[in-house]
Amino acid sequence: MKSDGKNKIQVLLAEDDHNLGSILKTFLDAKGYSTTLCVNGLEALETYRERNNFDFCIIDVMMPVKDGFTLAKDIRKENKKIPILFLTAKSMQEDKQKGFELGADDYLTKPFNMDELLMRMQAIIRRSGIKNRDKTQNIFKLSSYVFDYNRQLLTRESFEQKLTSKESDLLELYVKT
């Protein structure tokens, strides 16, 4: 997923916590996504409508101006298929149920693990048929090993090793230099 911004999967990130939003944006950008951060639901909806090129939405539920559930409902009126992942501190069963009833593809509660978020995104992207606009393959041959950057997987014959994000990034840097 590494390329110029036009070829990357476009992610709309609606998160009112400036620190978490910045960290998430940096993390997702480093993982090959093109991420646009909005700090409230109204800004996110306006950005969504203005740009009209997003492939994936990550939405916090509790935001000022327009909450995440309302934002998701508004986005769903315009696009029934865009993947939506709620990322929120609201962990009550009723909240999760409401999120899924509004059409969420997944619901992840805070605190969360960044690698788990990435894996959930990748699973949703696989199921939804979103194609990365980048034609560059991220599978590398290293002697008798095969490294799949997108899946964070190193294989050799019957050996298979799942890598962390950091390990994948370091190995990608190594194979590309």
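Residues numbered from 1 in each chain as written. Predicted model: local features only at pLDDT ≥ 70, side-chain atom pairs only at ≥ 80, totals over all residues. Heavy atoms only, no water.

(A) Structural detail: the pairing of strand β2 (residues 34–38). Within β2, 4 of the 5 residues are buried, which leaves it mostly tucked inside the rest of the structure. As defined by bridge partners, strand β1 (residues 10–14) adjoins β2 across 5 bridges and the pair is classed as parallel. In the sheet register, Leu 13 faces β2, and the bridge partner there is Leu 37. The β-α-β motif built from β1, the intervening helix α1 (residues 18–30) and the parallel element β2 has right-handed crossover chirality. (Buried < 20%, exposed > 50% of the residue type's maximum accessible area, 1.4 Å probe, protein only. Helix = DSSP H or I, 4+ residues; strand = E, 2+ residues; numbered from the N terminus. Pairing = 2+ DSSP bridges. Right-handed = clockwise from strand over helix to strand, strands pointing away.)

(B) Expanded view of the pairing of strand β8 (residues 153–156). Direction of pairing for strand β7 (residues 145–148) relative to β8: antiparallel, over a ladder of 3 bridges. Residue pairing in the sheet places Asp 148 in a bridge with Leu 153 of β8. The antiparallel hairpin formed by β8 and strand β9 (residues 159–162) contains 2 residues in its connecting segment, where Glu 157 sits at a positive phi of about 50 degrees.

(C) Geometry of the pattern of salt bridges. By the definition in use, this model includes 9 salt bridges. Close ionic contact of Lys 110 with Glu 15 constitutes a salt bridge, the shortest N to O distance being 2.9 Å. Note that Lys 110 is positioned in the loop between β5 (106–109) and α5 (114–128) and Glu 15 in the loop between β1 and α1, a separation of 95 residues in sequence. The partner of Arg 49 in a salt bridge is Glu 78, with the nearest N and O atoms 2.4 Å apart. (Salt bridge = Lys/Arg side-chain N within 4 Å of Asp/Glu carboxyl O.)

(D) The arrangement of the packing of α1 against α5 in detail. Orientation of α1 relative to α5, taken along the N-to-C sense of each, is 55 degrees, at an axis distance of 12 Å. It follows that α1 is oblique to α5 by the angle criterion. Like other packed secondary-structure pairs, α1 and α5 cross with a definite hand, here right-handed. Across the interface between the two elements, Ile 23, Leu 24, Phe 27 and Leu 28 from α1 touch Met 114, Asp 115, Leu 117, Leu 118 and Met 121 from α5. Broken down by class, the residue content of the contact of α1 with α5 amounts to 8 nonpolar, no polar and 1 charged. (Axes fitted to C-alpha atoms, helices over the stretch in contact; angles between N-to-C directions. Parallel < 35°, antiparallel > 145°, perpendicular 65-115°, else oblique. Left-handed = near helix turned anticlockwise from the far one by under 90°. Contact = heavy atoms within 4.5 Å. Nonpolar A, V, L, I, M, F, W, Y, C, P; charged D, E, K, R; others polar.)

(E) Spatial organisation of the packing of aromatic side chains. With the rule as written, the count across this model stands at 6 aromatic pairs. Measuring from centroid to centroid gives 6.0 Å for Phe 86 and Tyr 107, while their planes differ by 55 degrees, and the two rings are tilted. One end of the pair, Phe 86, is in strand β4 (residues 84–88); the other, Tyr 107, is in strand β5, with 21 residues separating them in the sequence. Looking at Tyr 107, the relative accessible area reads 6%, which means it is buried. Each ring, one from Phe 140 and one from Phe 147, has its centre 5.9 Å from the other, and the planes form 25 degrees; the classification is stacked. For the pair shown, Phe 140 and Phe 147 are each scored as buried. Among the aromatic side chains, those forming a connected cluster through ring pairs are Phe 69, Phe 86, Phe 100 and Tyr 107. (Phe/Tyr/Trp six-rings, centres within 6.5 Å; stacked < 30°, edge-to-face > 60°.)

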